[in-house]
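Residue-level structural notes
In case you want the letters, here they are:
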Amino acid sequence: MLGPHIIFYCSMSVAVEKQPPTHFCFLVGAGGTGKTTLTDMFIAHSKGANVGKISEVARTFMKEHGISQADLSDTNLFSSLQKSIARRQLAEERKYEASKNSVVISDRSVIDAVVYSILTLPCGGEREQMQPDAEKNLIFNRLSELVGSDDCAREVLRRYQSSMFVLVYPFN
């Protein structure tokens with residue numbers, strides 16, 4: 001159990017119940033490693049518990065917009081897609097953070113989009129001309145770009161600092 005609700009007393013002697021924090025667990029791994037399957041198994045095992053689920057954000061977005069795996073070779077589309085997926089993931093996380101779920105399990109995180117977008121950076125020319133400071137801040141800058149602002153990036157980082165990340169390795 002994650003603990004009881006916390007009660008605060010105001011100066012007017014009125015009890016105000018504070019919602020306990022939501023705990024996030026993010027599964028990380030390549031496509032097809034079983035992240036969604038593990039998420040579903042965890043939810044099934046947690047019958048009656050106050051557990052939320054964020055699942056298939058990328059696949060759902062691609063399906064809604066008619067984007068196929070073959071389309072991902074277009075680097076402009078791929079870059080735009082990562083931004084859209086990161087923002088949709090952030091919206092889902094916010095929704096659950098404001099809910100009464102004590103635990104939320106997700107089969108991806110905004111970090112997935114950050115990694116995929118960094119992997120598409122050019123290996124020569126433009127990347128070689130990066131200033132040392134820009135390279136040092138590459139991940140934060142990319143996160144800010146994907147989620148829309150430095151404040152949103154800090155929000156993601158605050159949430160992730162208190163979250164659990166599980167690396168899922170494919171079964172053979």
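The text that follows walks through the structure, step by step, so that each part is easy to find.

Procedures and definitions
- Residues numbered from 1 in each chain as written.
- Predicted model: local features only at pLDDT ≥ 70, side-chain atom pairs only at ≥ 80, totals over all residues.
- Heavy atoms only, no water.
- Salt bridge = Lys/Arg side-chain N within 4 Å of Asp/Glu carboxyl O.
- Helix = DSSP H or I, 4+ residues; strand = E, 2+ residues; numbered from the N terminus.
- Buried < 20%, exposed > 50% of the residue type's maximum accessible area, 1.4 Å probe, protein only.
- Contact = heavy atoms within 4.5 Å.
- Pairing = 2+ DSSP bridges.
- Arc of directions from axis to C-beta.

1. With respect to the pattern of salt bridges
A pair can form between side chains of opposite charge whenever their charged atoms are brought close. Taken as a whole and judged by the stated rule, the model has ten salt bridges. For arginine 159, the salt bridge goes to glutamate 93, with nearest N and O atoms at 2.9 Å. Highlighted residues: arginine 159 in helix H7 (residues 150–161) and glutamate 93 in helix H3 (residues 75–97), separated in sequence by 66 residues. Of the two residues, arginine 159 and glutamate 93, both sit in the buried class. One continuous salt-bridge network, built from bridges that share partners, spans Glu93, Arg94, Glu97, Glu155 and Arg159.

2. Side note on the environment of tyrosine 96
With respect to the helices and strands, the residue tyrosine 96 is situated in helix H3. Other than its neighbours up to four places away in sequence, tyrosine 96 contacts Thr22, Phe24, Gly52, Lys53, Ile54, Asn101 and Val104.

3. A few points about the side chain of threonine 39
Position of threonine 39 among the secondary structure elements: in helix H1 (residues 35–45). What threonine 39 contacts, discounting residues up to four positions off in sequence, is Leu27, Lys53, Ile105, Ser106 and Asp107.

4. Here's the deal with the pairing of strand S3 (residues 23–28)
Examined bridge by bridge, S3 and strand S5 (residues 103–106) share four bridges and lie parallel to one another. Note that in S5 the partner of phenylalanine 24 across the bridge is valine 104.

5. Quick word on helix H2 (residues 57–64)
For H2, the full list of buried residues reads Val57, Ala58, Phe61 and Met62. An end-on view of H2 places all buried positions within 125 degrees of arc, on one side of the element. Across H2 from its buried face, at more than 90 degrees, point the exposed residues Arg59 and Lys63. Residues of H2 that are buried make contact with strand S4 (51–54) and H3. Just downstream of H2 lies glycine 66, where phi reads positive at about 65 degrees.

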